[in-house]
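# Architecture at a glance
Chain by chain, the residues run as shown.
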Amino acid sequence: MTHIPHGAHLIAGARVQNDARFTSTPANGPAHEFSEGTPAHVAQAAEAAEAAFESYAATSRDQRADLLERIAEEIDARGDAITEIGAQETGLPEARLTGERGRTTGQLRLFADHIRKGDYLDQRHDPALPDRQPMPRPELRMMQRPIGPVAVFGASNFPLAFSVAGGDTAAALAAGCPVVAKGHPGHPGTGELVGDAITAAVAACGLDAGVFSLIQGGAHEMGGALVTHPLIKAVGFTGSLRGGRALFDLCAARPEPIPFFGELGSVNPMFILPQALAARGEAIAKGWAGSLTMGAGQFCTNPGLAILIDGPDADAFAATATAALQEVSAQVMLSDGIASAYRKGSDVVAGSAGVTALLAAESAGRNANPGLYDVSADTWLDNHALAEEVFGPLGLIIRARDAAQMETIARSLQGQLTCTLHLDDDDIAQAKGLMPVLERKAGRLLANGFPTGVEVADSMVHGGPYPASTNFGATSVGTLSIRRFLRPVCYQNLPEALLPRA
Ligand code: NAP
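Here the structure is a predicted model, which is why all the values come from computation and not from measurement. Numbers given for residues are sequential positions, taken from 1 along each chain in its written order. Where local features are concerned, this predicted model is filtered to residues with pLDDT of at least 70; where side-chain atom pairs are given and counted, the filter is 80 or more; whole-chain, interface and lining totals use all residues. Only heavy atoms go into the side-chain values, all of them from the structure, while hydrogens and water stay out.

## Comments concerning the pattern of salt bridges
- For this document, the term salt bridge refers to a Lys or Arg side-chain nitrogen within 4 Å of an Asp or Glu carboxyl oxygen. Inspection of every chain in the model, using the stated rule, returns 23 salt bridges.
- One salt bridge connects Asp62 with Arg116, and the closest N-O pair in it is separated by 2.9 Å. Separated by 54 residues along the polypeptide, Asp62 in helix α2 (residues 61–77) and Arg116 in helix α4 (residues 94–117) bring together distant segments of the chain.
- Per-residue accessibility, obtained with a 1.4 Å probe over protein chains only, is compared with the maximum for each type, and a residue is labelled buried under 20%, exposed over 50%, and partly exposed between these values. A relative accessible area of 44% places Asp62 in the partly exposed class.
- Residue class for Arg116 comes out partly exposed when judged on its relative accessible area of 30%.
- Of the charged contacts in the structure, one is a salt bridge between Arg254 and Glu256, with a shortest N-O distance of 3.9 Å.
- A residue is classified by how much of its surface remains accessible, and Arg254, at 7% relative accessible area, is buried.
- Three or more residues joined by partner-sharing salt bridges are found here, namely Asp62, Asp66, Glu69 and Arg116. Per the convention used, a helix needs a DSSP run of H or I reaching at least four residues, while a strand needs a run of E reaching at least two, with both numbered from the N terminus.

## Quick look at the domain arrangement of the protein chain
- Per the domain assignment, the segments making up the protein chain are domain 1 (33–264 + 469–498) and domain 2 (270–447).
- Residue ranges for the domains originate in an automatic or database domain assignment. Of note, the centres of domain 1 and domain 2, computed from C-alpha atoms alone, are 34 Å apart.
- Contacts are assigned to residue pairs with any non-hydrogen atoms lying within 4.5 Å of each other. Every contact between the two is made by ten residues of domain 1 and, on the other side, eleven residues of domain 2.
- By definition, the buried area sums, over both parts, the 1.4 Å-probe accessible area that each loses when the two are put together. Between domain 1 and domain 2, the buried area comes to about 840 Å², and carbon and sulfur atoms account for 60% of it.
- In this assembly, domain 1 and domain 2 are joined by zero salt bridges.
- N or O atoms closer than or at 3.5 Å make up a polar contact, with two conditions inside protein: a donor-capable atom paired with an acceptor-capable one, and, for residues adjacent in sequence, both atoms drawn from side chains. For the pair domain 1 and domain 2, the number of links is two residue pairs in polar contact (both at pLDDT 80 or more).

## A look at the site of the ligand
- Close to the ligand lie 25 residues; Ser156, Lys182, His220, Ser240 and Cys300 are nearest.
- Separating an oxygen atom of the ligand from a side-chain N or O atom of Ser156 is a distance of 2.6 Å.
- Between the ligand and the protein, one listed contact pairs a nitrogen atom with a backbone N or O atom of Gly239 at 3.5 Å.
- Within the complex, 84% of the 860 Å² of free accessible area of the ligand lies under protein.
- For the shell around the ligand, the secondary structure elements donating two or more residues are α7 (220–228), β10 (234–238), α8 (241–253) and α11 (336–350).
- Ten residue types, Ala, Val, Leu, Ile, Met, Phe, Trp, Tyr, Cys and Pro, are classed as nonpolar, four, Asp, Glu, Lys and Arg, as charged, and the remainder, Gly among them, as polar. Grouping the amino acids of the shell around the ligand by side-chain chemistry returns eleven nonpolar, twelve polar and two charged.
- For the shell around the ligand, the domains that each give at least three residues are domain 1 (33–264 + 469–498) and domain 2 (270–447). Throughout, near means a residue has at least one heavy atom within 4 Å of the molecule or strand. Here the accessible surface of atoms and residues is derived via Shrake-Rupley with a 1.4 Å probe, and residues count as covered only by protein chains that are part of the display.

## A word on the sheet that holds strand β5 (residues 124–126)
- What makes two strands pair is DSSP finding at least two bridges between them. The strand order across the open sheet built from three strands is β5-β6-β21, with neighbouring strands paired in antiparallel fashion. Whereas interior strands pair on both sides, the edge strands pair on one side only; in this sheet they are β5 and β21 (486–492). Averaged over neighbouring strand pairs, the angle between their axes works out to 25° when direction is ignored.
- Pairing of strand β6 (residues 140–146) with β21 involves seven bridges; the strand directions are antiparallel. Directly across from Pro146, in β21, lies its bridge partner Leu486. Geometry is summarised by axes, namely lines fitted to C-alpha atoms with helices restricted to the contacting stretch, and by angles between N-to-C directions that run from 0 to 180 degrees.

## Structural notes on the packing of helix α3 (residues 79–90) against α4
- Direction vectors running N to C along α3 and α4 enclose 125°, while the axes themselves pass 9 Å from each other. On the basis of their axis angle, the class for α3 and α4 is oblique. The crossing of α3 and α4 is right-handed. Every residue of α4 that contacts α3 at Gly79, Thr83, Gly86, Ala87 and Thr90 is listed here: Glu94, Leu97, Thr98 and Arg101. An angle below 35 degrees is treated as roughly parallel, one above 145 as roughly antiparallel, one from 65 to 115 as roughly perpendicular, and anything else as oblique. Less than a right angle of anticlockwise turn of the near helix away from the far helix marks a crossing as left-handed, whereas a clockwise turn marks it as right-handed.

## Let's talk about the pairing of β10
- Judged by how many residues are buried, β10 sits mostly within the fold: five of five residues are covered.
- The side-chain alternation of β10 yields two buried faces, one formed by Ala234, Gly236 and Thr238 and the other by Val235 and Phe237.
- In this sheet, β10 lies alongside strand β7 (residues 150–153) in parallel orientation, the contact comprising four bridges. Along β10, the bridge assignment pairs Val152 with Gly236.
- Here four bridges tie β10 to strand β11 (residues 260–263), and the two strands are oriented parallel to one another. Counterpart to Phe237 in the pairing with β11 is Gly262.

## Quick notes on the environment of Lys441
- Inspection of the secondary structure puts Lys441 in the loop between α14 (428–439) and β20 (442–447).
- When the C-alpha positions of Lys441 and Gly464 are compared, they lie 7.1 Å apart, and in sequence the two are 23 residues distant.
- When residues no more than four places from it in sequence are discounted, the contact partners of Lys441 are Ala410, Arg411, Ser412, Leu413, Gln414, Gly415, Gln416 and Pro465.
- At 2.8 Å, the side chain of Lys441 and the backbone oxygen of Arg411 are in polar contact.

## Points about the state of the cysteines
- Pairs of cysteine sulfur atoms within 2.5 Å are what we label disulfides. As enumerated under the stated definition, the model contains zero disulfides in all.
- Cys419 takes part in no disulfide bond, and the closest cysteine sulfur to it belongs to Cys300, at a distance of 14 Å.
- For Cys419, a relative accessible area of 1% translates into the label buried.
- Residue Cys490 stays outside any disulfide, its sulfur separated by 20 Å from that of Cys177, the closest cysteine.
- With a relative accessible area of 49%, Cys490 lands in the partly exposed category.

Spelled out as structure tokens, the structure:
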């Protein structure tokens, strides 16, 4: 059923309109007007979140699990309308949006199950030792408690799974933290419908309406006001290195600094070891082309670099990858800004000395064609610009002289979300040499696969050393991500009646 957006912010259960408006820029279909967020809306939402905090933090795990499940139901009830407006706003195919909705509701339900089990509280108990010499020991109990109101910045490239009801919101609500979400201006109508779903679920569960607010649009001033508001105690963000770093610096410079959990992006190198290249180079090249162009390459786990040893097998790999990428037609990108950034990034690669274009990335308007470039390891190691993420379907083949130079490349990498090894049995010795290097570079290491497609599970780590993320030791996907919004509190000699309900 077609949804005509009301265009309001959702602040503590109320629709709030204001005169300042912005117009959405859909890839197709009608544009709509939305209220433009201001620092005054931030203050209103943050105060409501703080007012809701104590009662929400004191809810039982079952109550919060019920909320998460109800949100999933409310999203599904709006499923067709979400898919329709989501496809218009982002240009993503309907099938992708339906799948992403399943991932989003699945994530909410996974968190519901996770908190019902209670292990995440990491409860510890050191009984009192009154007779211990030379000093008695008091009774000590520790458990994880919610950190306070959390700000969430929705991502452009996952309008559902990393946006208004995405992983950050699910984790924060599961932990017991109210959420103030900033909708991404690329898909405000999708965000509005999902915000309506959360608002309805909060009301249906009889919780304080301040548990959730959504502020639409807004210039950088609004995002800055959100992360610097004194009542906001942590931030979840997915987006660009530039935007993320600016907000991270604001969080660190506050009179009371707060944690900023930014998932910022990565070039996700793949090391294709010699035996695997010789035995399966063609299949790996075809698989790479598929992974690189999925969703117009707009994934933070897009594998942008293929590192291999120069020679005839590398030539065959490059030829197969070029042919496979030539078959892929132009795809519409998420926004004009992202399409323009893809053009600029491609131009930097194409214009760099020593880089050969195997397939020139061509794009017009909001469309992008894949690009494939080839460079020697010596040239790549000398030019830092070639190690930067180009957000889109662009691949770079790096030809190393030998295994030692492959390792030099690994050592020179910045922090990554993922690193991939393509290897056969006879490659194990070389891979053993790379492992200690790569383990320090990435949040997730994988073998004989492609990093796009991030499983939402207990063991998943979606994060990595800076600049892949600012999530030092944390993940933004999977159940472990709840830990970002909890802090340990030790209760010394407190009577049971005063301990938290969990
Ligand atoms: P973005 O420019 O980082 O914006 C993300 C969010 O942060 C938006 O809501 C934006 O709000 C806000 N923001 C950005 N800079 C800000 C600042 N200095 N102060 C306050 N708020 C700020 O990312 P995007 O729009 O999603 O995409 C742009 C580029 O990000 C892409 O070309 C790509 O390179 C990268 N990207 C990476 C990933 C990833 O997963 N790593 C995902 C998506 C995009 P306003 O724009 O409304 O001010």
